[in-house]
Amino acid sequence: MMADQINTATHPLIGRIISSDDDAMRCALVLARVAFDAGEVPVGAVIVADNKIIGVGANAPITSLDPTCHAEVVAIRDAAKRLGNYRLNDTTLYVTVEPCSMCAGAIVHSRVGRLVYGTTEPKAGVALSAEQFFEKPFLNRIVLVDGGILADECSSIMTEFFALRRAGKKRLKEQLKTGD
């Protein structure tokens, strides 16, 4: 199944009771594996309200041919449809990797109250790494941010994915040199 084809209506994580940040991040890691298996950068996200998962997302820009299909945006869309409201007040978004600027904007505009991410993203992460977007005075919403939840596990799946991708590119270059 491609990451953009997660059946959110029947996804087994929907409605799951969440007892801790670690528990929610483990669910996001399940979705990151969905993205990984589809050949997407392995990022997964869940949105929690009242200790239940109400939205799920896995990275899918390649398979969906939609550059906005980051895990966070997919989860926000799913939760908004499920609630019948684009305002996701009093929710927490859990994502395996620190959000980019596009996703940070979506988090603010959807009124998510809290963001919890796993590992940092030194090149494009805007919660802490490349920028501190959520601290900007021009924002009309305050989003509480916590990072480093299951950071090692979240980092490991990214490392595994990019190691496999580099190995595949190396094999392809070798084949092109030898003419196989």
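Described below are features of the structure shown in this document. (Residues numbered from 1 in each chain as written. Predicted model: local features only at pLDDT ≥ 70, side-chain atom pairs only at ≥ 80, totals over all residues. Heavy atoms only, no water.)

1. Observations concerning the pairing of strand 3 (residues 92-97)
- Taking burial as the measure, the six residues of strand 3 include six buried ones, the bulk of the element.
- One ladder, built from five bridges, connects strand 3 with strand 4 (residues 114-119); its direction is parallel. What sits directly across from Thr 92, in strand 4, is Arg 114.
- Handedness of the strand 3-helix 4 (residues 101-109)-strand 4 crossover: right-handed. (Buried < 20%, exposed > 50% of the residue type's maximum accessible area, 1.4 Å probe, protein only. Helix = DSSP H or I, 4+ residues; strand = E, 2+ residues; numbered from the N terminus. Pairing = 2+ DSSP bridges. Right-handed = clockwise from strand over helix to strand, strands pointing away.)

2. Digging into the sheet that holds strand 1 (residues 44-49)
- Pairing is mixed in the open sheet, where five strands are placed in the order 2-1-3-4-5. Lying at the two open borders of the sheet, with one neighbouring strand each, are strand 2 (52-58) and strand 5 (144-147). Within the sheet, the average angular offset between the axes of one strand and its neighbour, ignoring direction, is 15°.
- Strands in contact with helix 1 (residues 21-37) are strand 1, strand 2, strand 3 and strand 4; relative to strand 1, the strand with the most contacts, it is inclined by about 145°. (Axes fitted to C-alpha atoms, helices over the stretch in contact; angles between N-to-C directions. Contact = heavy atoms within 4.5 Å.)

3. Quick notes on the environment of Glu 135
- By the element assignment, Glu 135 lies in the loop between strand 4 and strand 5.
- Given a relative accessible area of 63%, Glu 135 falls into the exposed group.
- The spacing of Glu 135 and Val 145 is 10 residues in sequence and 9.7 Å in space, taken between C-alpha atoms.

4. Section: the pattern of salt bridges
- Following the criterion strictly, the structure yields six salt bridges and no others.
- For Glu 160, the salt bridge goes to Arg 33, with nearest N and O atoms at 3.2 Å. One end of the pair, Glu 160, is in helix 5 (residues 151-178); the other, Arg 33, is in helix 1, and 127 residues separate them in sequence.
- By relative accessible area, which is 31% here, Arg 33 ends up partly exposed.
- Within the structure, one salt-bridge network assembled from shared partners comprises Asp 21, Arg 114 and Asp 146. (Salt bridge = Lys/Arg side-chain N within 4 Å of Asp/Glu carboxyl O.)

5. Observations regarding the layout of surface pockets
- Taken as a whole, the largest pocket spans an internal volume of roughly 270 Å³.
- Forming the boundary of the largest pocket are 17 residues, of which Val 41, Val 43, Asn 59, His 70 and Glu 121 lie nearest the centre.
- Of the residues contributing to the lining of the largest pocket, the split by class is 10 nonpolar, three polar and four charged. (1 Å grid on protein atoms, 1.4 Å probe; cavity = no way out; pocket = protein on both sides within 12 Å on 5 of 7 lines; lining within 4 Å. Points joined across faces, edges and corners; volume = space filled by probe spheres on them. Nonpolar A, V, L, I, M, F, W, Y, C, P; charged D, E, K, R; others polar.)

6. A look at helix 3 (residues 71-83)
- Between the first and last C-alpha of helix 3 there are 18 Å, a value that for 13 residues agrees with the 18 Å anticipated at 1.5 Å per step.
- Residues of helix 3 that are buried: Ala 71, Glu 72, Val 73, Val 74, Ala 75, Ile 76, Asp 78, Ala 79 and Ala 80.
- The inward-facing, buried residues of helix 3 contact strand 1, strand 2, strand 3 and helix 4.
- In the segment just after helix 3, Gly 84 is the residue with positive phi, at about 70°. (Expected span 1.5 Å × (residues − 1).)

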